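What follows is the residue order along each chain.
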Amino acid sequence: MNSTVRSVCPLCILILFTLFGLHQAAVNIVTTKQWNLLMFNLPSDFPGNDSQFYNPHNVVATGFAMAGNRFFLATPRLFSGVPATLSSIPMGDMIGDSPILRAYPNWAHHTAGKGAYKCSTVGLVSVYRIRIDSCNRLWALDAGISRSFEDSEVTCPPKILIYDLKTDQVVRRIDFPREVVKGETLFTNMIIDETTSRPENNCDDAYVYITDTIKPAIVVYDSRHDLTWRLSHPTMYPDPNFAKPNILGHRFTLMDGIVGLGFDAHAEVIYFQPLATDRLFSIKTSVLRAGPSPFGVDLPVNLIGKKSSQGIGLAVSPIDGSIYFSPMSETAVAKYNPVTNNQSVLAFDAEQLQFVADMRISSQNPSAIYVLSSKFHRFFLKNVVPTEVNTRLIRIDDVATHQRIQLSTPNVNSNLSGNSSHRSHQRNSQVDVVRRPVENSFLSFINNNRPITMAYKRIKAPGYRFARNENYYNVKLGDFSGLRIAKNVSYDVSTFH
């Protein structure tokens with residue numbers, strides 16, 4: 001079944017871009033895979049009829065990767081009933097099909113699904129995100145936590161397993177030292193930085209940047225020297241004012257810190273965002289690589305801008321450095337270039353883009369971006385509808401066609417690490433980088449007759465002031481740049497499906 005996501009209608013684009021200076025992105029958008037519920041190739045001896053071991057209403061995809069002719073899906077053990085936490089599916093030629101998930105690399109690595117896992121063995125407990133390096137190896141970040149939305153059992157310490165995709169065998173295991181694991185630590189995302197790697201080291205000299213969502217921090221792993229350290233900052237913590245996302249009238253409480261990561265290898269910048277915030281931040285990789293911060297010295301974190309609502313998925317174009325993000329309440333995918341200040345809405349769909357958990361850029365076609373969307377909130381609230389499509393892999397083509405622009409004078413963002421001055425507005429003779437903040441947020445199509453449901457709270461309140469406090473950052477509201485999608489726009493609702 002061929003299924004496409006529709007972009008914003010042309011008339012609406014004209015209104016949006018005329019009023020707010022945004023630019024239209026002409027893209028081709030296709031749903032490549034879709035599922036009502038995720039099904040597995042369960043072995044014959046697996047207790048598939050017992051909901052404690054397999055309950056398709058509890059299986060949620062949060063991360064993915066692609067290599068060769070395969071997609072890989074991460075399905076963490078958020079609840080009981082998740083038989084495998086990492087699976088593969090063939091890309092195939094069919095568009096919009098619903099392939100059965102195959103436990104990767106095999107079922108022997110997923111005995112935790114039957115409660116028979118030993119931490120000393122090679123296997124996986126709960127994987128939120130995966131990455132593939134330039135040596136054709138898959139890195140699986142195993143949080144080690146079972147049923148994190150139920151009783152949050154610490155099954156095993158967190159680790160990383162690296163699989164050679166040629167043989168599907170584990171070639172390296174990375175166990176984290178106790179010094180970087182803090183009580184309720186939950187490792188949820190990672191970036192592999194190979195900018196200083198040497199070919200003869202076979203990608204074993206990369207740096208890895210890992211998000212700790214519950215005890216918010218970025219954990220840095222120096223693969224060459226096998227060293228690990230933690231770096232934290234108030235911007236990595238959740239803001240309680242944004243702890244209740246609203247997706248089409250469904251509200252749920254999720255007080256999660258840093259989880260979204262994007263990497264611009266050319267600029268040597270990591271972009272990050274907590275779930276519970278409306279802001280996007282950045283930090284230079286040179287700062288992360290420098291080791292633990294001295295006591296009393298704040299990290300030099302930069303504020304990139306404010307978004308119209310919360311989000312998780314981030315990606316950065318290797319072509320022009322644009323940031324791709326997805327505000328949850330707006331059920332949209334948007335693009336923002338921090339150099340030119342150009343921004344655009346790539347796609348809007350109230351059905352198919354309800355919760356974008358992950359984004360990836362194809363190494364074979366860097367002008368395209370793949371998006372993993374799901375009705376995570378419906379799974380979370382226990383009101384998922386099994387007859388609806390609840391998980392999709394979407395490809396958006398032609399999102400980046402222009403080469404990266406170099407400024408003669410680099411743009412200076414607001415520094416959040418102390419008494420920062422206001423953002424410097426600089427103008428280049430060829431590129432306008434003056435920040436023009438867009439008022440209001442994007443229009444959400446919300447059925448006001450729907451009941452607003454609330455879930456149990458997962459609040460881990462830190463001992464910091466939060467991002468809502470403008471005075472803490474010494475940045476005025478008018479200084480925020482971009483990343484707001486305009487609101488006063490009419491859409492042809494008949495085009496939604």
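Residues numbered from 1 in each chain as written. Predicted model: local features only at pLDDT ≥ 70, side-chain atom pairs only at ≥ 80, totals over all residues. Heavy atoms only, no water.

(A) Structural context of empty space enclosed by the protein. For the coordinates displayed, the defined rule picks out four cavities of 30 Å³ or more. Lining the largest cavity we find 18 residues, and of these Thr62, Tyr128, Asp256, Ile312 and Phe376 sit closest to its centre. (1 Å grid on protein atoms, 1.4 Å probe; cavity = no way out; pocket = protein on both sides within 12 Å on 5 of 7 lines; lining within 4 Å. Points joined across faces, edges and corners; volume = space filled by probe spheres on them.)

(B) The arrangement of the pattern of salt bridges in detail. Enumeration according to the criterion identifies 20 salt bridges in this entry. For Asp97, the salt bridge is made with Lys33, and the minimal N-O distance between the two is 2.8 Å. With Asp97 in the loop between strand E4 (86-90) and strand E5 (102-103) and Lys33 in strand E1 (residues 28-35), this residue pair connects regions lying 64 residues apart in the sequence. Assessed through its relative accessible area of 17%, Asp97 is described here as buried. Across the salt bridge formed by Lys375 and Glu388, the nearest N and O atoms sit 2.8 Å from each other. Residue Lys375 is located in the loop between strand E27 (369-374) and helix H3 (376-380), and its partner Glu388 is located in the loop between H3 and strand E28 (391-397); the two are separated by 13 residues in the primary sequence. (Salt bridge = Lys/Arg side-chain N within 4 Å of Asp/Glu carboxyl O. Helix = DSSP H or I, 4+ residues; strand = E, 2+ residues; numbered from the N terminus. Buried < 20%, exposed > 50% of the residue type's maximum accessible area, 1.4 Å probe, protein only.)

(C) Geometry of the side chain of Arg392. By secondary structure assignment, the location of Arg392 is in strand E28. Residue classification places Arg392 among the buried residues on the basis of a relative accessible area of 6%. Engagement of the side chain of Arg392 in a polar contact is seen with the side chain of Gln352, the distance being 3.0 Å. Those residues in contact with Arg392, other than ones at most four positions away along the chain, are Thr31, Lys33, Gln34, Glu351, Gln352, Val371, Leu372 and Ser373. (Polar contact = N/O pair within 3.5 Å; in protein donor to acceptor, adjacent residues only side chain to side chain. Contact = heavy atoms within 4.5 Å.)

(D) Representation of the sheet that holds strand E15 (residues 227-231). In spatial order, the strands read E12-E13-E14-E15; together these four strands make up an open sheet with antiparallel pairing. Of all strands in the sheet, those bounded by a partner on one side alone are strand E12 (187-193) and E15. Across the sheet, the mean angle from the axis of one strand to that of its neighbour is 20°, orientation sign disregarded. Bridge count for E12 against strand E13 (residues 207-212) is six bridges, and the pairing is antiparallel. When the bridges of E13 are listed, Asn189 appears paired with Thr211. (Pairing = 2+ DSSP bridges. Axes fitted to C-alpha atoms, helices over the stretch in contact; angles between N-to-C directions.)

(E) Structural context of the state of the cysteines. Going through the model one piece at a time under the given rule, you end up with two disulfides. Bridging Cys119 to Cys156, the disulfide has an S-S length of 1.9 Å. Linking Cys119 and Cys156, the disulfide has an S-S dihedral of approximately -90° and is accordingly described as left-handed. Taken together, the positions of Cys119 in the loop between E5 and strand E6 (127-132) and Cys156 in the loop between strand E9 (153-154) and strand E10 (159-164) put the pair 37 residues apart, joining distant regions of the chain. Judged by its relative accessible area of 31%, Cys119 is partly exposed. (Disulfide = S-S within 2.5 Å.)

(F) Spatial organisation of the nonpolar core. Within the largest apolar cluster, 29 residues are counted, with the highest numbers of intra-cluster contacts made by Leu78, Phe149, Phe252, Leu254, Phe355, Phe376 and Phe380. Looking at this core, the elements with two or more residues in it are strand E25 (343-348) and H3. Counting residues per element, this core draws most heavily on H3, at three residues. Formed by 20 residues, the second largest nonpolar core is a distinct cluster that contains Val59, Ala61, Phe64 and Leu372. (Core = buried A, V, L, I, M, F, W, Y, C linked by side-chain atoms within 4.5 Å.)

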